[in-house]
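Next come the chains, spelled out residue by residue.
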Amino acid sequence: MNTKFIHLLYVPTMACNMQCRYCYLEDHTVDTLRGGDCLETLQYAIAKFREADVVPFNISLHGGEVTTLQEREFHDLVQYISSYYQDMRELITDAGFRVGHPHIKTNLYGLDRHIETIREFNVSISGSLDLPLSLHEKYRVTKGGEGTLERILDNIRLLEEIPDKKKVSATIFREHFEQLDQIIEDIRFLDRNTCLDMNDFNFMIGFDYNSCGLLHHMSEEEQLIFYRRMHEAFDGTNLDAGVNGAWFDEFGPEYCTNCDNCGEKFFLLERNGDIYSCVRGQKNEDFYYGNIYRDTVDTILKTAARKIFQNHNRQPFPEECARCAYLYLCKTGCPFVKNVYGSGKSYTCLLQQQMYRDRGYAPDASADETAYEYVTKMRLEEPEKYLPAKASTEYPALEQIIAQDAKLQYIYDSGVFELDVDGTRYPLISQILRKSREILYLTPISTVKLRMKKHMLEEECDYPENNALYLMLLSGDPVTYGDEGRTKQRHIATHQIYKGVLDHSGDNEEEWYVYDISGLLREYAQEYAMDSPNNLLCTTTELRDCHYRKQENNAYYHIQAINLPFQNIEFYYLTLDQKNDKEAFHEF
């Protein structure tokens, strides 16, 4: 089994001591589980993850507001995470991840209640402020409507002796953007007068979600103005590293929004055992993955990958993204925000492109190939639309080579293999010759029969009794291997069914061998990819050998048929509920 490493946010309480005007959790910031053991859920989840060979390499405490916990609860949680890091240090570092200290995301208002625990375990702090500070007093208030800034600044002073990370972030809406000069002055104030590391500061761009109509998003053009003004003010100053680094890192390729499927890596666990995508998807059914007490880890992981895939596909893939030389970095952005805006592209697109240029990220020289690979893995659009145009060459085309070789014609014949799924037949065509893509949705109760013309066992074969139908199963998950670092689909199994067995199949027809492979497909159910199509390829043992001999003898053929060329069809293997979800997305 391969160990899987994940980033885990833990929410030990939904309670909060503030009522920010734009809180994404709205009325959920009430602790309905007070009195229970908030540590028990985290311990149970970690044990269950570990049993499934899943390792959280980073555990951060989030909320609600974690500092509303009782002193003993907070201490025990932090102590447990600190001990976990020590116990798992070797495994985590060997996998290439850095082991830090316990970390909390906090509004800083109740920090003083836990300062002794923070000192004891050198807890790293990520706090939230509004800039300019005058708007902090307006938008970040207590549940009684009182201002919070003075107390928060006092609490920040308590962190002076804490050696680990002490940082803050600020979310920028249009109302903040309209006071750019004051934002710049307040950043300088925090840098001069607090212990905060203002080179390790983060801007976040607000979007219209649960802001009660009080706050409004910046346009992409305004975001770009904001970005440039920060550079004008701080390039070449003592905060140069920040403005050219951490301040805008959330929009870079290292963050969660810039991966193919964030459901494979990021998880938020609530005290009641519910698991969501992240703080953005928290309490949203579309981003709910299951409950650690009720569901298996395997089910949670598969649901996560499937739901992120679905949410990316709620909006069409924009043509401008398909043509963009930075798709390889952006991956179209956060699926949650895309659906808030009803857009298929990142809501910070212009800002990201400018930042990529400023930071020296090279435009993708193979952008068409990247778009094709991205669509193949993450989209429901037909990938053939995005097939890279073949460069003109002086050597003969693959079709010409096939036409001149009788043996190859059998290998590529589109009329000799079919897949029968519950009575519906699908012709199998060479995957490097097919002009359109067909993806099947199979379930454990599907009846799947492979049909092969009987004469195929005699073609290019002196002894048909020694010949066999040759099946290959490949997962949609890619692997990279070999000296040349080739990336291809992961092989699951090969299966040969010899002539004597095929002759005895009760489903045979006059010209066709008909062999039920439903059980064979079920045998490998746990190995199939969930977020990209899997692959079934068919040929005969003798024709497979012909293909490889041709590759050895003809360089032009080898160049164009380096991947498996055999007749194929792609498929998802899903539960009935998952199959219905996928079909609904096709209809959408």
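Residues numbered from 1 in each chain as written. Predicted model: local features only at pLDDT ≥ 70, side-chain atom pairs only at ≥ 80, totals over all residues. Heavy atoms only, no water.

Participant: Tell me about the overall build of the protein, and please be specific about residues and values.
Facilitator: If you tally the helices and strands in the protein, you get 22 helices and 19 strands. A principal-axis box enclosing the C-alpha atoms of the protein has dimensions of 90 × 55 × 45 Å. Going through the 588 residues of the protein one by one, you find that 55% of them count as buried. Pairs at least 24 apart in sequence give 74% of the contacts found in the protein among residues at least 6 apart. The distance from the centre of the 62 positive side-chain charges to the centre of the 94 negative ones in the protein is 1 Å. (Helix = DSSP H or I, 4+ residues; strand = E, 2+ residues; numbered from the N terminus. Buried < 20%, exposed > 50% of the residue type's maximum accessible area, 1.4 Å probe, protein only. Contact = heavy atoms within 4.5 Å. Lys, Arg positive; Asp, Glu negative; His and termini not counted. Charge placed at Lys NZ, Arg CZ, Asp CG, Glu CD.)

Participant: Please set out unusual backbone geometry residue by residue, giving values where relevant.
Facilitator: Residue glycine 63 is joined to glycine 64 through a cis peptide bond whose omega torsion reads 15°. Tracing the backbone shows glycine 64 in the loop between β2 (54–61) and α2 (71–94). The step from leucine 131 to proline 132 runs through a cis peptide bond, and the omega angle for that step is 0°. Residue placement: proline 132 occurs in the loop between β4 (124–128) and α4 (133–139). Positive phi outside glycine occurs at leucine 108, with the angle close to 75°. Within the fold, leucine 108 resides in the loop between β3 (103–106) and α3 (115–120). Phi is positive for threonine 332, close to 75°, though the residue is something other than glycine. Locating threonine 332 in the fold gives a position in the loop between α12 (327–330) and α13 (335–341).

Participant: Describe in detail the packing of helix α7 (residues 180–193) against helix α8 (residues 220–234), supporting the description with residues and values.
Facilitator: α8 packs onto α7 with a crossing angle of 45° between their chain directions and a minimal axis gap of 11 Å. By the criterion of interaxial angle, the relationship of α7 to α8 is oblique. Regarding α7 and α8, the two cross each other, and that crossing is right-handed. Within the contact between the two elements, α7 uses Leu180, Asp181, Ile183, Ile184, Ile187 and Arg188 and α8 uses Phe226, Arg229, Met230, Ala233 and Phe234. Residues that form the contact of α7 with α8 fall into these classes: 8 nonpolar, no polar and 3 charged. (Axes fitted to C-alpha atoms, helices over the stretch in contact; angles between N-to-C directions. Parallel < 35°, antiparallel > 145°, perpendicular 65-115°, else oblique. Left-handed = near helix turned anticlockwise from the far one by under 90°. Nonpolar A, V, L, I, M, F, W, Y, C, P; charged D, E, K, R; others polar.)

Participant: Quick rundown of the nonpolar core? Include the residues and the values.
Facilitator: Counting 99 residues, the largest nonpolar core has Leu42, Ile187, Phe226, Met230, Trp247 and Phe248 as its most contacted members. When residues in this core are grouped by element, the largest group, 9 residues, is from α2. Two domains each donate at least three residues to this core, and these are domain 1 (129–251) and domain 2 (319–385). Membership of the second largest hydrophobic core comes to 47 residues, among which are Leu408, Val448, Met452 and Met456. (Core = buried A, V, L, I, M, F, W, Y, C linked by side-chain atoms within 4.5 Å. Domains from an automatic or database assignment.)

Participant: Talk me through the side chain of glutamate 418; I want residue IDs and the actual numbers.
Facilitator: Summarising the element assignment, glutamate 418 is placed in strand β10 (residues 417–421). Using a relative accessible area of 17% as the deciding quantity, one classes glutamate 418 as buried. Other than its neighbours up to four places away in sequence, glutamate 418 contacts Arg425, Tyr426, Pro427, Leu428, Lys449, Leu450, Arg451 and Trp512.

Participant: Go over the pairing of β10 with me, naming the residues and quoting the values.
Facilitator: Judged by how many residues are buried, β10 sits mostly within the fold: 5 of 5 residues are covered. The alternating pattern of β10 places Phe417, Leu419 and Val421 and Glu418 and Asp420 on opposite faces, both of which are buried. Bridge analysis of β10 against strand β14 (residues 448–453) gives 5 bridges, and the strand direction is antiparallel. Residue pairing across strands places aspartate 420 opposite lysine 449, the latter belonging to β14. Sheet analysis places β10 next to strand β11 (residues 424–427), joined by 4 bridges and oriented antiparallel. If you follow valine 421 over to β11, its bridge partner there is threonine 424. (Pairing = 2+ DSSP bridges.)

Participant: Break down the pairing of β14 for me, citing the residues and quoting the values.
Facilitator: Across the 6 residues that make up β14, a large majority, 5, are buried. As defined by bridge partners, β14 adjoins strand β17 (residues 512–516) across 5 bridges and the pair is classed as antiparallel. Within the sheet, the bridge partner assigned to lysine 453 lies in β17 and is tryptophan 512.

Participant: If you had to explain helix α5 (residues 149–157) to someone new, which residues and values would you point to?
Facilitator: Along α5, the positions that sit buried rather than exposed are Leu149, Ile152, Leu153, Asn155 and Ile156. An end-on view of α5 places all buried positions within 160° of arc, on one side of the element. Tucked inside the fold, the buried residues of α5 contact α4 and α7. (Arc of directions from axis to C-beta.)

Participant: I'd like to hear about the domain arrangement of the protein, residue by residue, with values.
Facilitator: By the assigned domains, the protein splits into domain 1 (129–251), domain 2 (319–385) and domain 3 (398–587). Relative to domain 3, the C-alpha centre of domain 2 lies at a distance of 32 Å.

Participant: Tell me what's going on with the packing of α8 against helix α14 (residues 349–358), and back it up with residues and numbers.
Facilitator: Running from N to C, α8 and α14 cross one another at 35°; their axes reach a closest spacing of 7 Å. On α14, the residues that touch Glu220, Glu221, Gln223, Leu224, Tyr227 and Arg228 of α8 are Cys349, Leu350, Leu351, Gln354, Met355 and Asp358. For the contact of α8 with α14, the class distribution of residues is 6 nonpolar, 2 polar and 4 charged.

Participant: Can you tell me about the sheet that holds strand β1 (residues 4–11), naming the residues and giving the values?
Facilitator: Taken in spatial order, the 9 strands make up an open sheet running β6-β5-β4-β3-β2-β1-β7-β8-β9, and their pairing is mixed. Of all strands in the sheet, those bounded by a partner on one side alone are β6 (202–205) and β9 (288–291). Shown here is a sheet whose adjacent strand axes are inclined to one another by a mean of 30°, direction ignored. Of the strand pairs in this sheet, β2 and β3 are connected by 2 bridges, and their pairing is parallel.

Participant: Quick one: what's the story with the sheet that holds β17, residue by residue and with numbers?
Facilitator: What the 4 strands build is an open sheet, ordered β11-β10-β14-β17; its pairing is antiparallel. A strand with exactly one partner marks an edge of an open sheet, and here the two such strands are β11 and β17. Going from strand to strand, the sheet's axes swing by 25° on average, the running direction of each strand aside.

Participant: Describe the pattern of salt bridges, listing the residues and the values that go with them.
Facilitator: For the structure on display, the rule yields 30 salt bridges. Measuring nitrogen to oxygen at the nearest pair gives 3.8 Å for the salt bridge that ties arginine 113 to glutamate 71. Taken together, the residues span a long stretch of sequence, with arginine 113 in the loop between β3 and α3 and glutamate 71 in helix α2 at a distance of 42 residues. Of the charged contacts, one joins arginine 280 and glutamate 250 as a salt bridge, the two residues approaching to 3.2 Å between their closest N and O atoms. Highlighted residues: arginine 280 in the loop between β8 (274–276) and β9 and glutamate 250 in the loop between α9 (240–243) and β7 (266–270), separated in sequence by 30 residues. Each of the two residues, arginine 280 as well as glutamate 250, counts as buried. A network of salt bridges, in which partner residues are shared, links Glu418, Arg425, Arg451 and Glu509. (Salt bridge = Lys/Arg side-chain N within 4 Å of Asp/Glu carboxyl O.)

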